[in-house]
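The residues making up each chain are set out below.
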Amino acid sequence: MDLNESPEHRAYRARVRAWFEQHRPGSLDTFEDRRAWHRTLYDAGFVGMGWPKAYGGQDASPIEQAIVGEEMVRAQVPGTINALGIGFIGPTLIAHGTEAQKQRYVKKILTAEELWCQLYSEPGSGSDLASLKTTAVRDGDHYVVNGQKVWSSQAYNADYAILLARTDPTAPKHKGISYFILDMRAPGVDVRRLKQITGSSEFCEEFLTDVRIPVENRIGEEGQGWELAQTTLGFERGGNLLARVTAHKLTINRLIEVCKTLPRNGGVAIDDPLVRQKIGKMLAEVEVLRYAGLRLLSKLEKGQRPGPESSVDKLYYSEMDKRHQELILEILGPFGQLFEGGPPEVALNLRSTREDEGSWAYNYLWSRAGTIYSGSSEIQKNIIGERVLKLPREPRADRMARA
Amino acid sequence: MDFDFTEEQLMLRGLARELLTAECPPTEVRAQMEDARGYSPSLWRQLAETGLLGIAVDEAHGGQALGMVELALVLEEMGRAAYPGPYLPTVVLAASALAAGGSRAQLDRYLTGIADGSVVATLALMEDRLAAGPEGIELRARAQGGEYVLTGHKRFVPFGHVADLILVAARTSEATDPRAGVTIFALDRDTPGISHQPNVQIDLTNKTSTLTLENVRVGADAVVGQVDGGWKILDGVLRRASVAAAAVMLGSARKCMELSVEYAKVREQFGQPIGTFQAIKHACAEMLVEVENAHGATYYAAWALDAAAPDAAFAASVAKSYVGEAARKVCGSAIQVHGGIGFTWEYDLHLYFKQAKLLEALYGDAEHHREQVLTEILAPAAVPALA
């Protein structure tokens, strides 16, 4: 075991930290401001770092990627704007796309010239994603798509989507699905923004009516869609744990500062033993997530790819976030649920990677999403139980029909 | 950056597991539970012969001079086996205190004895206030004609009743800062004035007792380290003890998880193995999350102590507070998954459940260590682990 940061990585971190100090973004009020900032990050080599050089990446090591992720959060600057595209759509294309697809799309994902979203879930297919009903019927050199998708982050901004649709209604449900690139401006694509529990509208629903997708926009073989979707979810779950840890630490640091002046029982909150216990517990739990991040990095550096074990981390951090946001609001009392109006010294005021983040109230509400998206906690536990611990699978009607 | 164990470390773990599997099966654990001594001297000799008693002792005194990571690997195996015996008190508590402050004579006599298996040792720290910090040390040692006279009692002394050597933390002077004025004394088992009252407790594998000292007279050569300077040593010992306890509890938790997963695959109810049911599957998945996190917390802290990392104290407190709760949850959940059989004396789960509970309470409980975690963060030189 050696958990020290090597001298090279320490030097790298110092360079990255200095870069962020010298390149603080100016105004970030509009989406075009964010796009310009993204371009600055790209030019610095901080976008798609792990991708092969041939596709515009840096071939950077997992540790270097983690360092940039941490420093970006630490500097409290927003990250990339094409999060889904860069996080896993690009890697999926690189792994499974045709050469033509790679040439056409990958670079523009990196530069955020073209923004991407993911059309997976449907009103009737959330956790049971493979039950999706959207159809893609072959018609010459096109597929004709009909159906409804929902809970698609950033779809209102997107130029393209990856779409899961059923190409063979007679096949067992996991086998009849294919994976497509969808032009979001194609005729028949109707995007409507959904207002979320936070009050903001990051999510959308989409109505697809006789949308024509050229055959060359299918990724992989017909019927291979489920398999590919599993890889993409793998990319998503392998996400940067250490950047997450840094974000949590910034939040707890801010909470501690607030508690030094927040009145409580004739004194200040930071002297209240109950508050101290809650913060001590949060600090310990975040630190444990840091160790998980270091273990993951240690594996990645050796070229090992995390498989279903990554569900352990996803389950832990999403449940932890929910628990911590609850503890924070317990400590802050009614001030915690304010979006505006409290004393400024109690506000969160952290600039971060999400556009509308920045209040305790928002984080509290947003934490409810983490245990639902990209596989709910219940689904993660099934994955851990069946694929990591090898417990017998649940007898399910859909699997029995296939048997 | 490497979070994996070396080949040598894995071999050491294999050695410990092999020995404990062969010599310390549940039947042996149960036999020692019924025994007043509570440990097997013959297994103790085997631990000495395989070098496991001296792994952290320096080479000059017959040890292998290995670190906390190696100790933690062995202790995790002890937890897996629900090993009943004075390993942690001897090899971690007493040996660490001696190594940090022992005189040449003390090292030659006691540390060599620990490594060769001839000395079972312990540390008497806690008193009626049950504090894990220096404020809990009230037992007085009066200086009198070149000697010290100790009177008072100590609670939860692990294996004090069989220890050849008892290190006693006593107060030699009063000061505003409770860390000042603490002195450690090395008492031999047959020193006049010492008596033991065994505790009747839920964990029968780690016997503890109340130690009473009545006008116990010792010479100045019994002082370990500096007079009034004992807390500095004890602070380091407690850090190691916290990580050691975490390692044992990690072993208990991992074993309970494994037993549960195996059981869930074969036990049938409603015509199915119970592992097919989400309620059981999810309980097992939650166990794995806790076990993986407990692993990270334990071994990061062990490494940090060995590397003298700036966040070593912080990491030790993170480990003790996190793993204590995690092990209680996992061992308890294992009983639930097993149903009625898990509640029976004949089944082994309760051995782990009980051992984890005692260790959760000793060497600073979760509340104590959470306070330490926050204190470290609020300190002027905050730990570098922070963003």
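Coordinates for the structure precede this section.
Notes on the structure follow. The structure displayed is predicted, hence computed values, not measured ones. (Residues numbered from 1 in each chain as written. Chains lettered and ligands numbered in written order. Predicted model: local features only at pLDDT ≥ 70, side-chain atom pairs only at ≥ 80, totals over all residues. Heavy atoms only, no water.)

### Some thoughts on the side chain of A:Asp313
Residues and elements named next belong to chain A.
Then, in step 1: The topology assignment puts Asp-313 in helix α9 (residues 310-332).
Then, in step 2: No salt bridge is formed by the buried Asp-313, whose closest oppositely charged neighbour, Arg-295, lies at an N-O distance of 7.1 Å.
Then, in step 3: Beyond its immediate sequence surroundings of up to four residues, Asp-313 is in contact with Leu-241 and Ala-292. (Helix = DSSP H or I, 4+ residues; strand = E, 2+ residues; numbered from the N terminus. Buried < 20%, exposed > 50% of the residue type's maximum accessible area, 1.4 Å probe, protein only. Lys, Arg positive; Asp, Glu negative; His and termini not counted. Salt bridge = Lys/Arg side-chain N within 4 Å of Asp/Glu carboxyl O. Contact = heavy atoms within 4.5 Å.)

### Topic: the nonpolar core
Then, in step 1: Formed by 234 residues in total, the largest nonpolar core has its most connected members in A:Phe20, A:Ile279, B:Tyr87, B:Leu150 and B:Leu167.
Then, in step 2: Looking at this core element by element, the count peaks at 20 residues for helix α7 (residues 230-266) of chain B.
Then, in step 3: If sequence neighbours within four positions are ignored, B:Leu167 has contacts with B:Ala94, B:Ala97, B:Leu98, B:Thr122, B:Leu123, B:Ala124, B:Ile184, B:Phe185, B:Ala186 and B:Val224.
Then, in step 4: Counting residues in each nonpolar core, the second largest holds 20 residues, with A:Ala158, A:Leu163, A:Met184 and A:Val211 among its members. (Core = buried A, V, L, I, M, F, W, Y, C linked by side-chain atoms within 4.5 Å.)

### A word on the interface of chain B and chain A
Then, in step 1: Chain B puts 49 residues into the contact, and the matching count from chain A is 46 residues.
Then, in step 2: At the boundary of chain B with chain A, total buried surface from both sides reaches about 4600 Å², with 67% on carbon and sulfur atoms.
Then, in step 3: Across the chain B-chain A interface, the total number found is eight salt bridges.
Then, in step 4: Note that A:Glu386 is salt-bridged to B:Lys281, the shortest N-O span being 2.5 Å.
Then, in step 5: For the interface between chain B and chain A, the tally reads 20 residue pairs in polar contact (both at pLDDT 80 or more).
Then, in step 6: Listed by contribution, the elements that provide at least two residues to the side of chain B that touches chain A are α7, β10 (272-273), α8 (278-306), α9 (312-338) and α11 (366-378) of chain B.
Then, in step 7: In terms of residue count, α8(B) provides more of the side of chain B that touches chain A than any other element does, 16 residues in total.
Then, in step 8: Of the residues assigned to the side of chain B that touches chain A, the class counts are 26 nonpolar, 12 polar and 11 charged. (Buried area = accessible area lost by both parts, 1.4 Å probe. Polar contact = N/O pair within 3.5 Å; in protein donor to acceptor, adjacent residues only side chain to side chain. Nonpolar A, V, L, I, M, F, W, Y, C, P; charged D, E, K, R; others polar.)

### Focus: the packing of aromatic side chains
Then, in step 1: In total, this model carries 18 aromatic pairs over all chains according to the counting rule given.
Then, in step 2: Between the aromatic rings of A:Tyr316 and B:Tyr322, the centroid separation amounts to 6.5 Å while the plane-to-plane angle is 85°, which identifies the pairing as edge-to-face. Separated into two different chains, A:Tyr316 in helix α9 and B:Tyr322 in helix α9 make up a pair that spans both.
Then, in step 3: An aromatic cluster is defined as three or more aromatic residues linked by ring pairs; in this entry it consists of A:Trp19, A:Phe20, A:Trp37 and A:Phe46. (Phe/Tyr/Trp six-rings, centres within 6.5 Å; stacked < 30°, edge-to-face > 60°.)

### A few points about unusual backbone geometry
All names here are of chain A.
Then, in step 1: One non-glycine residue, Asp-59, adopts positive backbone phi at about 50°.
Then, in step 2: The backbone of Asp-210 shows a phi angle near 50°, a positive value even though the residue is not glycine.
Then, in step 3: Structurally, the position occupied by Asp-210 is in strand β7 (residues 203-214).

### Quick notes on empty space enclosed by the protein
Residue and element names in this part refer to chain B.
Then, in step 1: Throughout the structure, instances matching the rule amount to five cavities of 30 Å³ or more.
Then, in step 2: In this structure, the largest cavity occupies an estimated 160 Å³ of space.
Then, in step 3: As for the largest cavity, its lining consists of 16 residues, and the residues nearest its centre are Gly-85, Leu-88, Pro-89, Asn-206 and Leu-359.
Then, in step 4: Put simply, the parts of the chain that give the lining of the largest cavity at least two residues each are α4 (68-81), α5 (87-101) and α10 (349-361).
Then, in step 5: Classifying every residue of the lining of the largest cavity by side-chain character gives 13 nonpolar, three polar and no charged.
Then, in step 6: Its volume calculated, the second largest cavity comes out at about 110 Å³. (1 Å grid on protein atoms, 1.4 Å probe; cavity = no way out; pocket = protein on both sides within 12 Å on 5 of 7 lines; lining within 4 Å. Points joined across faces, edges and corners; volume = space filled by probe spheres on them.)

### Section: the pattern of salt bridges
Then, in step 1: For the structure on display, the rule yields 49 salt bridges over all chains.
Then, in step 2: Put simply, B:Glu292 and A:Arg295 hold a salt bridge, and the shortest N to O gap is 3.0 Å. Here B:Glu292, found in helix α8, pairs with A:Arg295, found in helix α8 (residues 273-301), and the two come from separate chains.
Then, in step 3: A relative accessible area of 23% places B:Glu292 in the partly exposed class.
Then, in step 4: Linked by salt bridges that have partners in common, A:Glu5, A:Arg13, A:Arg17, A:Glu70 and A:Glu71 make up one network.

### Regarding the packing of α8(A) against α8(B)
Then, in step 1: As a packed pair, α8(A) and α8(B) sit with axes 9 Å apart at the nearest point and diverge in direction by 90°. By the angle between their directions, the pair α8(A) and α8(B) is classed as roughly perpendicular. Each of A:Val288, A:Arg290, A:Tyr291, A:Leu294 and A:Arg295 in α8(A) lies in contact with α8(B), whose residues at this interface are B:Glu292, B:Asn293, B:His295, B:Gly296, B:Ala297 and B:Tyr300.
Then, in step 2: Here the contact of α8(A) with α8(B) is composed, by residue class, of five nonpolar, three polar and three charged. (Axes fitted to C-alpha atoms, helices over the stretch in contact; angles between N-to-C directions. Parallel < 35°, antiparallel > 145°, perpendicular 65-115°, else oblique.)

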